[in-house]
Amino acid sequence: ASSSTSVAACETSELSACLRQLLFVLDYGTHLHAFAAKPTTRRYKMALLPRTAALLTTVTQCRGLSQRAGARYLLVDGHNLIYRAFYAMPQLSRSGDRPVGAVMGVANTFLKLALPYSRVVFCLDPKGPGWREELCASYKETRPKMPPELRPQVADAAAVARAFSAAVVCVDGYEADDVIATLAARHRGEGVDVLTGDKDLLQLAAYDGVRILDPQGDPVDAAKKFGVPPGRIGDYLALVGDASDNVAGVRGCGPKSAVALIEAFGDLDAILAGAPDSDAVPKRARAAIAACDGEALRRDRRLVTLREDVPLPPLAFDPFAWDNVLAMADRFEFTTFRRRAEALMREEQ
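Quick look at the structure, then. Given the structure is predicted, the values throughout are model-derived calculations rather than measurements.

## Thoughts on the packing of helix 14 (residues 322–331) against helix 15 (residues 335–348)
The description of two helices packed together rests on the angle between their axes and the distance between the axes. Contact geometry for helix 14 and helix 15: axes closest at 9 Å, N-to-C directions at 170 degrees. Put simply, helix 14 runs roughly antiparallel to helix 15. As helix 14 runs across helix 15, the sense of the crossing is left-handed. Here Trp322, Val325, Leu326, Met328, Ala329 and Asp330 of helix 14 lie close against helix 15, whose contacting residues are Phe337, Arg338, Ala341, Glu342, Leu344, Met345 and Glu348. Residues belonging to the contact of helix 14 with helix 15 are distributed by class as follows: 9 nonpolar, no polar and 4 charged.

Structure follows, in structure tokens:
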């Protein structure tokens with residue numbers, strides 16, 4: 001009961017903010033009529049400039065809300081966001097030489113994108129190996145270790161997420177991708193946005209009600225990005241390989257060949273069965289499939305395919321409170337961020 005009450009409070013707060021913005025736009029209509037009726041003197045135009053600027057800000061915010069109003073869940077690929085923020089932001093530090101560059105990047109992203117959602121989940125990878133490493137010992141073997149100055153920022157980034165009333169989820173044995181896939185499959189009927197820069201998660205675009213957003217919050221066209229339907233992205237990645245995860249793929253099979261094979265046969269099993277003896281695809285693609293190890297290729301498909309059966313803990317969503325955001329800004333000494341948050345808070349009042 002307490003969980004449903006918290007969610008209701010979140011949704012009521014969001015609705016109130018939207019209504020206040022709408023009333024402002026309607027009120028501004030009277031000024032537009034007055035502008036049309038009076039002589040368009042420079043002095044009168046200048047008097048309306050502040051209201052015009054405020055209107056543009058409000059319309060932009062309302063447009064952002066309307067684009068995501070149907071999605072009640074925002075699932076954030078935590079480590080992907082943290083890494084991107086780490087390399088995009090300056091190497092900042094605070095009292096006691098505490099590194100906070102990635103933390104600030106995560107805070108900025110939440111302030112920009114998370115507010116319209118009533119339920120936000122920040123998903124993190126576990127520290128130890130998972131089921132993929134058990135399936136293939138060389139999985140991610142070539143990936144560099146986390147920089148030492150980034151390691152302490154992971155917990156701080158999770159604290160930022162909690163300040164925005166997000167649930168933080170990390171499940172031993174399963175990557176964040178699998179956690180996100182499980183949540184997306186479970187809640188797709190309620191509307192789900194997935195914030196990520198990871199190509200593996202584009203597979204989730206196969207679900208109605210699930211949308212993929214890039215780290216800037218813009219929708220991603222998964223089919224256009226790869227040239228295959230989202231439901232075939234796992235087959236595509238198995239064919240071309242993934243250097244970042246140390247997944248070999250098929251030697252001699254590049255993106256064009258993979259697209260041609262999938263268009264001609266469909267899934268990986270049909271490709272392995274029919275491609276070597278077919279004239280429907282280029283000779284090079286046929287030869288590549290004929291020479292590959294079918295069992296290794298099927299294993300690679302398992303490695304790149306998302307799991308949707310992660311045993312998740314119960315999720316609790318507390319009502320959003322600006323006080324928590326401002327306290328977080330004080331904790332990390334984010335003075336500019338605090339001013340921006342206070343400005344948004346005043347707009348909602």
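Now that the structure has been shown, we can carry on.
## Here we look at the packing of aromatic side chains
Evaluation of the coordinates by the stated rule reveals 10 aromatic pairs. Consider the rings of Phe110 and Phe164, whose centres lie 5.4 Å apart with planes at 40 degrees: the pair is tilted. One end of the pair, Phe110, is in helix 4 (residues 101–113); the other, Phe164, is in the loop between helix 6 (151–163) and strand 5 (167–169), with 54 residues separating them in the sequence. Taken as a pair, Phe110 and Phe164 share a single burial class, namely buried. Following the ring pairs from residue to residue traces out a cluster consisting of Phe110, Phe122, Phe164, Phe320 and Trp322.

## Focus on the side chain of Asp198
Its location among the elements puts Asp198 in the loop between strand 6 (192–195) and strand 7 (210–213). Among buried charged residues, Asp198 stands out as having no salt bridge; its nearest opposite-charge side chain is Lys199, 5.4 Å away. Leaving out residues up to four positions away in the same chain, Asp198 has contacts with Asp77, Asn80 and Asp177.

## Here's the deal with the pattern of salt bridges
For the coordinates displayed, the defined rule picks out 19 salt bridges. For Glu175, the salt bridge goes to Arg132, with nearest N and O atoms at 3.8 Å. With Glu175 in the loop between strand 5 and helix 7 (176–187) and Arg132 in helix 5 (residues 131–135), the pair connects residues that are 43 residues apart, well separated along the chain. Between Asp269 and Arg298 there is a salt bridge, with the nearest N and O atoms lying 3.0 Å from each other.

## Overview of the sheet that holds strand 4 (residues 119–123)
Strands sit in the order 5-4-1-6-7 across an open sheet of 5 strands; the sheet is parallel. Sheet topology places strand 5 and strand 7 at the edges, where each strand pairs with a single neighbour. In this sheet, neighbouring strand axes are inclined to one another by 20 degrees on average, regardless of whether the strands run parallel or antiparallel. Judged from the 3 bridges that link them, strand 4 and strand 5 form a sheet pairing that is parallel. Counted as the bridge partner of Val121 is Ala167 from strand 5. Sitting on the sheet, helix 7 is in contact with strand 1 (73–77), strand 4, strand 5, strand 6 and strand 7, with an inclination near 170 degrees to strand 1.

Thresholds applied
Residues numbered from 1 in each chain as written. Predicted model: local features only at pLDDT ≥ 70, side-chain atom pairs only at ≥ 80, totals over all residues. Heavy atoms only, no water. Axes fitted to C-alpha atoms, helices over the stretch in contact; angles between N-to-C directions. Helix = DSSP H or I, 4+ residues; strand = E, 2+ residues; numbered from the N terminus. Parallel < 35°, antiparallel > 145°, perpendicular 65-115°, else oblique. Left-handed = near helix turned anticlockwise from the far one by under 90°. Contact = heavy atoms within 4.5 Å. Nonpolar A, V, L, I, M, F, W, Y, C, P; charged D, E, K, R; others polar. Phe/Tyr/Trp six-rings, centres within 6.5 Å; stacked < 30°, edge-to-face > 60°. Buried < 20%, exposed > 50% of the residue type's maximum accessible area, 1.4 Å probe, protein only. Lys, Arg positive; Asp, Glu negative; His and termini not counted. Salt bridge = Lys/Arg side-chain N within 4 Å of Asp/Glu carboxyl O. Pairing = 2+ DSSP bridges.

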